[in-house]
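So the chains spell out like this:
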Protein chains: 4
Amino acid sequence: MSEVLKPTIQTANRGDLAQLVAERERHFIFTLESGASLQTHLGIIAHDDLIGLPWGSRVQSHLGKFFALLQPQLDDLLRDIPRQTQIMYPKDIGYVLLSLGVGPGSVVLEAGTGSGALTTALAYMVGSQGQVISYERNPKFSKVAQENLKRYGLDQRVSFKVQDLAAGISEKNIQAAFLDLPDPENYIHLVRQALIPGGILGCLLPTTNQVSVLITALKQHNFEKLEVSEILHRYYKPSATRLRPADKMVAHTGFLIFTRKYANFSDLDTSKTQA
Amino acid sequence: MSEVLKPTIQTANRGDLAQLVAERERHFIFTLESGASLQTHLGIIAHDDLIGLPWGSRVQSHLGKFFALLQPQLDDLLRDIPRQTQIMYPKDIGYVLLSLGVGPGSVVLEAGTGSGALTTALAYMVGSQGQVISYERNPKFSKVAQENLKRYGLDQRVSFKVQDLAAGISEKNIQAAFLDLPDPENYIHLVRQALIPGGILGCLLPTTNQVSVLITALKQHNFEKLEVSEILHRYYKPSATRLRPADKMVAHTGFLIFTRKYANFSDLDTSKTQA
Amino acid sequence: MSEVLKPTIQTANRGDLAQLVAERERHFIFTLESGASLQTHLGIIAHDDLIGLPWGSRVQSHLGKFFALLQPQLDDLLRDIPRQTQIMYPKDIGYVLLSLGVGPGSVVLEAGTGSGALTTALAYMVGSQGQVISYERNPKFSKVAQENLKRYGLDQRVSFKVQDLAAGISEKNIQAAFLDLPDPENYIHLVRQALIPGGILGCLLPTTNQVSVLITALKQHNFEKLEVSEILHRYYKPSATRLRPADKMVAHTGFLIFTRKYANFSDLDTSKTQA
Amino acid sequence: MSEVLKPTIQTANRGDLAQLVAERERHFIFTLESGASLQTHLGIIAHDDLIGLPWGSRVQSHLGKFFALLQPQLDDLLRDIPRQTQIMYPKDIGYVLLSLGVGPGSVVLEAGTGSGALTTALAYMVGSQGQVISYERNPKFSKVAQENLKRYGLDQRVSFKVQDLAAGISEKNIQAAFLDLPDPENYIHLVRQALIPGGILGCLLPTTNQVSVLITALKQHNFEKLEVSEILHRYYKPSATRLRPADKMVAHTGFLIFTRKYANFSDLDTSKTQA
C-alpha cells in the first residue's frame, strides 16, 4: 500500500508531508527534509528531530511550545493552499467531487487550474491509478499550482497543460470534466468530444448572465440532465449553551452547473445501434 | 486496472453494473446477467442483447423505445438507493467526504449503516485498497444495505457489523469516523480510542438540542477543532430566459459536526514525547 | 378614534369584521350581520348571538364546539385572502412596507392589484387619512380584490383603477410605488413623473433575466440608490426539546428591487435651484 | 393633515426633518433650525438657505458641491440611528411590523428600548392616534433612544418607561407586544395580562437555547399559534450584465417567535361565556 496521505500509526519519514499543530489550532504543513527546520512565531523545530518519531508524538520548540506531529488531512491541504486566484470553497468542492463521480482510478479533466485547490482534491480522490488533466493558459498560475501539488506529493497524478482549451483537447475517454472559466460555452463542444458516453460536465459561474448563456449552449450541444444549483454553507458558533449561527457568512461563490453527455440519439454512431 | 465503476470505452460484460437511460431521463440500474431481462413500462430488453455491446450504444425495447446503454455514475447510484430510512442527501455526502478526507486507501468507520447511501459513497471513494467498517444494530437495515452495496459491486470494500457501537469498537487506527446516530455523545469515547492521532470525527444531527449535548461531550473528551455547520442546496430552474430558483427547497436535513482527535497533550503516551 | 381594525375591549357590533377561532387554530373571518349565520364543519353560529358580546368571549356552536370571538389581525387577513393569482408572502410584504416607508397618511400606488394581498396591507398601513391607488388591467382580478378589501372594511382607502399603466398615470405627488408586473421597465418613466422628489419605487420580479432588464432601464431613467435583494423565510418546528428547521421551505418568490427618485441634477426644474 | 413625515410638494419649514443627499448617495439627516448650519466634508450649508425651498430643490454647499433637499423616508431613519446596542435590521423589522399587525391607531408595547430602531418604526406606523409603550431598564439607553425619536419628530407617540418589566406592566388592552430581551420567559405572564384577547406577542432571541426555554414557557402560559422562524436577507450586486449575489451576507441576527393570546378556554371569565 503506497497511497499518498494514508494515515497509519507509523513513523514520520524523510519526504513525508507533515503537520505540526500547536495549541489554539495553529498549524504548519511542510515536507520533512534532513537538515531543514521549521521557523514559527512559537519557536524553531528541526526536521531531524521529527523524522523517525511516531505520528501523533508531542514535540517542543526551542521556546518550549508544544506541538502535535500529524499527517495532514485533505481538508488541511485545501485550507493551506496559497491563493493567487479566487479559490474554490470546500462547500463547492465536496459537491463537485460527488457530482462528477470522481474516485479511485478516475480520469478527469479540469480548466483552469487556477491556484490548484480543486486540482488538489481531484488528485487526492483519483488515487495513484487515476489521472487529472489540468489546463491553464496562464503559465504563472500553472507554475504555482504545480508547486503546491508537488509539495503535497500529488503532482504525479496530474498532467499540467499550459494552454488554452480553445487550442483543442487531445485527451479522449474522459469520465468527467470541470470548467472553472468565465466562458465555458466556448469549449463545451470540445469537452463533449473528449467525454465518454454518460460522462459528466460541471461548471462554476459567478453571475446569472453567464449561467443563462451556458444553458443555451448546453442545449444546443445536446447535453442532457441539466442541473443548476448553488450551495450555501452556514457555520454555527459551537457553544453548547449559546448555540447560534455565526453572524456573517459567505453569501455567494458561484452557481454550479452539472450536465451529462448521454449517448444521445442524434449523434450516436449508427453502426453501434442494435438492430 | 480493476477499479469498480471505472468507465472506459469498452464493451458491457456479464456482471457489469449497467444503466439504461430513456428519453426524458428515465433510467434503470441493474447488473448484466445472462438469461435475464429488464422489464420497464417502456418495454422489455434482454440482457443478452446488451452484453458485448460498446458502452454508449443505443438499444431498443420490444416496444420500439430507445435507450442509451451507460455505466452508472456515483450520483446515479446515490439517487437509486431504495430508502428504508431517511437517507443522506448529496449536498451533505459531498461535504462529509471532503471533511473526512476519505480517499483511495482510507480506512473509515460509520454508524449506523441505515439505507447505505453514505456507505455507498464511502466504499466508492476508498477504492479497492481501502475499507469501510459499517456498524448497524438493526439487522433488517444492515441486510438491505448489504444487498444494495452488493448490487453496486462495492460490498467487498465494506465490513458490515450488525451490532451496537456500545458493545465496543474492535478496530484501531481508523482515519475517520462518521456517526449518523441520535446519541453520538454516548459513543465518542470509543471512537476516540479507535482513531489515529489527527483522525476526524463527523456527526449528523437533526435538532439543535442534540447538537448542544454533543458539543458538551466532545469538549469533555478533548476533541478539538470543532466545527458546526449546515449545508443548504438551492436548485434553479435551468431556463436561459427565465432563470430563477426553484419554488421549494429542502430547508433542513441536519447539522454537520466535525472535530479532530489531535494528539492532545493530556492523553499522549509520554514515552512518545520528545525529550 | 374610528380606525379600522383597532382592537379594544369593547363589544362586537353589527358591521364589525370578526374572527371565530376554534381549537387547533381553525379560524373563520367574516363581517357581523343581523340575521346571518356562520356555517362550519364544527357547527352553526348565528351572528345575532355574537353581536353585543365583548371581544374575547367564548361561544358555542349548535354542535357544542367552542370558539373564541376575536377581531382579526392584519396577518390573519393576509392568510385569509382567496387566491386568484400568485399572492405575495408576508416575508416580502413586511419588507416592502418598510422599504416603501408606507405609514399613516401615505399616498402610495401599486400595479397590478392581483388578488389584493399587498393592497390589503397597504390600505391597512396608510390608515383612514392615506390612500392607495391600485392599477389592474384585468377587470376580473380587480373585482375580486375589491370584494376582498370591502369585506375587510378597507375599500374606502383604495382607488381601484381598472386600466393598464401604459395608458398613463394621472396621479401626482405619490410617495411610493410598487410594481408587481412582468415588465416594469415599460412603466418606470410614468412612475417617475408621478413620484415626489425622494419618492421610492419597488418591484417584484421572479427571474434573474427580468431583473437585468429592469436594472438597465432604471439606470437609463436616472433612478438612484438601487437595491436588489431577496428574502428567505425559514420556519422552525416549535418544539422545546427537538428544535429544528422545518423540512421544506419556500425557496423563491421573487427578487425585490428598490430604488429612489432623488431630485437628480439633470431633471430638476432650474427655477427651483438655489442661486 | 398633520401626519409626521408625510411627503408632499411643499416647502421645507423650520422644524421639519430634512435630508440632504449628495452624489454617490452620501446623505445627512437633520432638523431645520434658523441660524444653524450643516457642516460636511462636502462643504457647509446654512439651514436658512434651505427653509422655504420646495422639497426636491437642488442646493449647493460653499464648496460648490450639489445636494438634493429631501424629506427622509422611514428606511433612511432606520439606517441613520446611532447604535449604542445591537440594533434590529430592516429584514426583521418589516416582518415584525406585519406580524404584530401594527398600524394607524395601534397601541403596542416593547421591551427593551435599546437604541430605538424598532421604536422608531413602531412610532412611525402607529401614527398620531396610536401609542408605543417602550420599557428599558438602562437609563442611558432610554435617554439616547428618546433623543433619537425626538430628532425624528416621533417622540410624542412613545411613552418611554425607564424600568424593568419585572416590576409589572401597568398598561392594559395592549394589541401587540415585542420583547427584545435575553429572558422573555420571565415576563410573558405579565405581558399576557396586558394583552387584549387575540393580542400578539413577538420575541427576538439570538440562540437556539433561549428559543427552547421560551417555547416551554409559552406553552405553560397557554399562548397559542406559536411560530418560530428566521429571516435571511440576501443582497445582489445590481449589475445588469453581471448580476450575482453579494459575496457576504449577515447570516444571523436572531430567531423570531410570534404567538397569540387567544381567549383560551381555561382562563376565560365565565361570565362572558355565552349560555
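As a starting point, this report considers the structure included with it. Keep in mind that what you see is a predicted model, and the values were worked out from it rather than measured.

Turning to the side chain of A:Glu227, a few remarks are in order. With respect to the helices, strands and loops of the structure, A:Glu227 is situated in strand β12 (residues 224–237). Separated by 2.7 Å, the side chains of A:Glu227 and A:Tyr95 make a polar contact. Excluding residues that lie within four positions of it along the chain, A:Glu227 makes contacts with A:Tyr95, A:Leu256, A:Ile257, A:Phe258, B:Arg79, B:His233 and B:Tyr235.

Taken as a whole and assessed by the stated rule, the structure comprises 56 salt bridges over all chains. Across the pair D:Asp164 and D:Arg137 runs a salt bridge whose closest N-O atoms are separated by 2.9 Å. Taken together, the residues D:Asp164 in the loop between β9 (158–161) and β10 (174–179) and D:Arg137 in the loop between β8 (131–135) and α4 (139–151) connect sequence positions 27 residues apart. The class of D:Asp164 is partly exposed, set by a relative accessible area of 23%. A residue is classified by how much of its surface remains accessible, and D:Arg137, at 58% relative accessible area, is exposed. One connected set of salt bridges, linked through shared partners, spans A:Asp75, A:Asp76, A:Arg79, B:Lys225, B:Glu227 and B:Arg260.

Now for the packing of helix α2 (residues 90–100) of chain B against helix α3 (residues 117–126) of chain B. Residues and elements named next belong to chain B. Following both chains from N to C, one finds α2 and α3 inclined at 40°, their axes separated by 11 Å at the closest point. Overall, the two elements α2 and α3 adopt an arrangement that is oblique. α3 is crossed by α2, and the crossing has right-handed handedness. For the pair formed by α2 and α3, the contact residues are Ile 93, Val 96 and Leu 97 on the first element and Ala 117, Leu 118, Ala 121, Leu 122 and Met 125 on the second.

All names here are of chain A. In terms of burial, helix α3 (residues 117–126) is a largely internal element, 10 of the 10 residues being buried. Taken together, the buried positions of α3 are Ala 117, Leu 118, Thr 119, Thr 120, Ala 121, Leu 122, Ala 123, Tyr 124, Met 125 and Val 126. One or two residues past the end of α3 sits Gly 127, with phi positive at roughly 70°.

A few words on the interface of chain A and chain C. Interface size is often expressed as the accessible area that is lost when the parts come together. Taken together, the contact between chain A and chain C spans five residues of the former and five residues of the latter. Between chain A and chain C the total buried area reaches about 320 Å² when both faces are included, carbon and sulfur atoms providing 27% of it. Summed over the three residues of chain A that lose the most area to chain C, namely A:Thr208, A:Ser212 and A:Arg234, the buried surface amounts to 65% of that side. Sorting the residues of the side of chain A that touches chain C by element identifies α6 (208–220) and β12 of chain A as the ones contributing at least two each. At three residues, α6(A) tops the list of elements feeding residues into the side of chain A that touches chain C. Partitioned by chemical class, the residues of the side of chain A that touches chain C number one nonpolar, three polar and one charged.

Between chain B and chain A, which share one sequence, the superposing operator has a rotation angle of 180° and an axial displacement of 0.0 Å; the RMSD is 0.0 Å. Interpreted geometrically, this transformation is the action of a two-fold axis. When each C-alpha of chain B is compared by its distance to the rotation axis, B:Gly94 comes out closest, at 2.1 Å. A share of 100% of the interface residues of chain B reappears at the interface of chain A, consistent with the copies meeting face to face through the same patch.

If a strand is regular, its side chains alternate between the two faces of the sheet. All names here are of chain B. Across the two faces of strand β4 (residues 43–46) the burial differs, with Gly 43 and Ile 45 buried and Ile 44 and Ala 46 not buried at all. Looking at chain direction, strand β3 (residues 37–40) and β4 are connected through four bridges and run antiparallel. From the neighbouring strand, Thr 40 faces β4, where its bridge partner is Gly 43. Turn length for the β3-β4 hairpin, with the two strands adjacent in sequence and antiparallel, is two residues.

The next subject is unusual backbone geometry. Residues apart from glycine generally show negative phi values, whereas peptide bonds are mostly found in trans. The peptide bond linking C:Ala111 to C:Gly112 adopts the cis configuration, its omega dihedral lying at -10°. The residue C:Gly112 is located in the loop between β7 (107–111) and α3 (117–126) in this model. The backbone phi angle of B:Asn222 is positive, close to 65°, even though this residue is not glycine. Position of B:Asn222 among the secondary structure elements: in the loop between α6 (208–220) and β12 (224–237). Looking at B:Asn222, the relative accessible area reads 31%, which means it is partly exposed. At B:Lys225, a position not held by glycine, the phi torsion is positive, near 50°.

Picture the strands of a sheet paired through backbone hydrogen bonds; they go either parallel or antiparallel. All names here are of chain C. Reading across the sheet, the four strands line up as β2-β1-β6-β5 and stay open at both edges, with antiparallel pairing between neighbours. Where the open sheet ends on each side, the last strands, each with one partner, are β2 (27–31) and β5 (58–60). Between one strand axis and the next, the sheet turns through 30° on average, direction left out of account.

Inspection of every chain in the model, using the stated rule, returns 16 aromatic pairs over all chains. Ring centres of C:Phe178 and C:Phe258 lie 6.4 Å apart, and the angle between their planes is 40°; this geometry places the pair in the tilted category. Of this pair, C:Phe178 sits in strand β10 (residues 174–179) while C:Phe258 sits in strand β15 (residues 255–261), placing them 80 residues apart in sequence. Each member of the pair, C:Phe178 together with C:Phe258, is buried. Taking the ring centre of A:Phe66 as reference, the NZ or CZ of A:Arg58 above it sits at 4.3 Å. When the ring centre of C:Phe223 is taken as reference, the NZ or CZ atom of C:Arg192 above it lies at 5.0 Å.

The two copies are related by a screw motion: chain A maps onto chain C through a turn of 180° and a shift of 0.0 Å along the axis, at an RMSD of 0.1 Å. Mapped onto chain C, 100% of the interface residues of chain A again fall at the interface, so both copies present the same surface.

Conventions used here
- Residues numbered from 1 in each chain as written.
- Chains lettered and ligands numbered in written order.
- Predicted model: local features only at pLDDT ≥ 70, side-chain atom pairs only at ≥ 80, totals over all residues.
- Heavy atoms only, no water.
- Helix = DSSP H or I, 4+ residues; strand = E, 2+ residues; numbered from the N terminus.
- Polar contact = N/O pair within 3.5 Å; in protein donor to acceptor, adjacent residues only side chain to side chain.
- Contact = heavy atoms within 4.5 Å.
- Salt bridge = Lys/Arg side-chain N within 4 Å of Asp/Glu carboxyl O.
- Buried < 20%, exposed > 50% of the residue type's maximum accessible area, 1.4 Å probe, protein only.
- Axes fitted to C-alpha atoms, helices over the stretch in contact; angles between N-to-C directions.
- Parallel < 35°, antiparallel > 145°, perpendicular 65-115°, else oblique.
- Left-handed = near helix turned anticlockwise from the far one by under 90°.
- Buried area = accessible area lost by both parts, 1.4 Å probe.
- Nonpolar A, V, L, I, M, F, W, Y, C, P; charged D, E, K, R; others polar.
- Least-squares fit on C-alpha atoms with pLDDT ≥ 70 in both.
- Pairing = 2+ DSSP bridges.
- Phe/Tyr/Trp six-rings, centres within 6.5 Å; stacked < 30°, edge-to-face > 60°.
- Lys NZ or Arg CZ within 6 Å of the ring centre and 35° of its normal.

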